[in-house]
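# Examining the three-dimensional arrangement
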Amino acid sequence: METRELRYFIAVAEELHFGRAAQRLGIAQPPLSRAIRQLERRLGATLLERGSRGVALTGAGAVLLREGRAALEAVEAAERRTRRAVLAEAGQADVVLATKAGASSELLTKLLDAYAAEPGAGVVEVLLCGIGEQVRLLRDGRADVALLHRPFDATAGFDTEVLCTEGQVVVLPAGHPLTGRAQVRMAEVTALPGLPMPRWPGRDGAYPDGPGLQVRDHTQLLQLIALGRASAVLPESSRAQLHGDLVAVPVLDAPPVTTVIAWPSHSRSAAVAGLVRTATRL
């Protein structure tokens, strides 16, 4: 299969409409339809059911959609990494570090300062991202290294070094009755009236069902907590971001959070290796 064919098929599979897919691709509909039929003949499988009510994916089509997306992401990642390798050989490449906005701020500051003091250290470009986006940025080649947080972030396929493990706290609006406690339990936190836990978008960008408000970043979340609209269980290090209108109370039975520095297992970047060495010394 050609990458062009995969892009054509994915567009139709996502739009479930040949006309919209052709418009999205910037081509006419007839050559798009011919390309999909040719792909089906080559694979010996019907990928799309065409009917008067529209287009639907077959079982084989659903498999190709999933695998095709992964294949195109791998091709795009290879292109980005190759371009960065060319820059590295010319001494022009920076190390791109992806990290969740608002997370591990103190650790990140220490890491950047320590690495900058190393002889021959390169430039580290910090790519701040949303919840769970570090993994995608690392896989598709837009980031060289990332700070990930287990058990929330997937580390499969990456090399990792553990940087720290910490407990979790519940962040509450100042004046809430629980803020006078030395510690609480998860059962108490999840049962708080009027302060539901937030809902974060999943990998597909959709929010799970639930009573909590939809949030996309920590700044939005902390403001909602200060307004008395939500509560959240966060790593202990999040205390550094809290202002006077927010209070953190340790959650005795919350699972610990382990922060790791992660990079693609096939990376041969000397700059990444130097940054990892500095991180593990901290």
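Below is a short write-up of the structure.

What counts and how
- Residues numbered from 1 in each chain as written.
- Predicted model: local features only at pLDDT ≥ 70, side-chain atom pairs only at ≥ 80, totals over all residues.
- Heavy atoms only, no water.
- Pairing = 2+ DSSP bridges.
- Helix = DSSP H or I, 4+ residues; strand = E, 2+ residues; numbered from the N terminus.
- Axes fitted to C-alpha atoms, helices over the stretch in contact; angles between N-to-C directions.
- Salt bridge = Lys/Arg side-chain N within 4 Å of Asp/Glu carboxyl O.
- Buried < 20%, exposed > 50% of the residue type's maximum accessible area, 1.4 Å probe, protein only.
- 1 Å grid on protein atoms, 1.4 Å probe; cavity = no way out; pocket = protein on both sides within 12 Å on 5 of 7 lines; lining within 4 Å.
- Points joined across faces, edges and corners; volume = space filled by probe spheres on them.
- Nonpolar A, V, L, I, M, F, W, Y, C, P; charged D, E, K, R; others polar.

One open sheet accounts for three strands, arranged 8-7-9; its pairing is antiparallel. Of all strands in the sheet, those bounded by a partner on one side alone are strand 8 (232-235) and strand 9 (246-250). Taking each pair of neighbouring strands and ignoring which way they run, the sheet shows an average axis angle of 40°. Judged from the five bridges that link them, strand 7 (residues 168-173) and strand 9 form a sheet pairing that is antiparallel. Residue pairing across strands places Leu-172 opposite Val-247, the latter belonging to strand 9.

Attention shifts here to the pattern of salt bridges. Two side chains that carry opposite charge are able to pair once their charged atoms sit near each other. For the coordinates displayed, the defined rule picks out 14 salt bridges. In this structure, Glu-67 and Arg-66 form a salt bridge, with 4.0 Å as the shortest nitrogen-oxygen distance. Arg-239 is the salt-bridge partner of Glu-236, the closest N and O atoms lying 2.5 Å from each other. Look at Arg-239 and you get partly exposed, because its relative accessible area is 35%. It is possible to trace a salt-bridge network through shared partners that takes in Glu-14, Glu-15, Arg-20, Arg-24 and Arg-69.

Its boundaries defined by the atoms lining it, the largest pocket holds a volume of some 1,200 Å³. As for the largest pocket, its lining consists of 42 residues, and the residues nearest its centre are Ile-131, Gly-132, Glu-133, Phe-152 and Asp-153. Elements supplying a minimum of two residues to the lining of the largest pocket: helix 4 (59-89), helix 6 (133-139), strand 8 and strand 10 (257-264). Of the residues in the lining of the largest pocket, the class split is 19 nonpolar, 13 polar and ten charged.

Any functional reading would require information beyond the geometric quantities listed.
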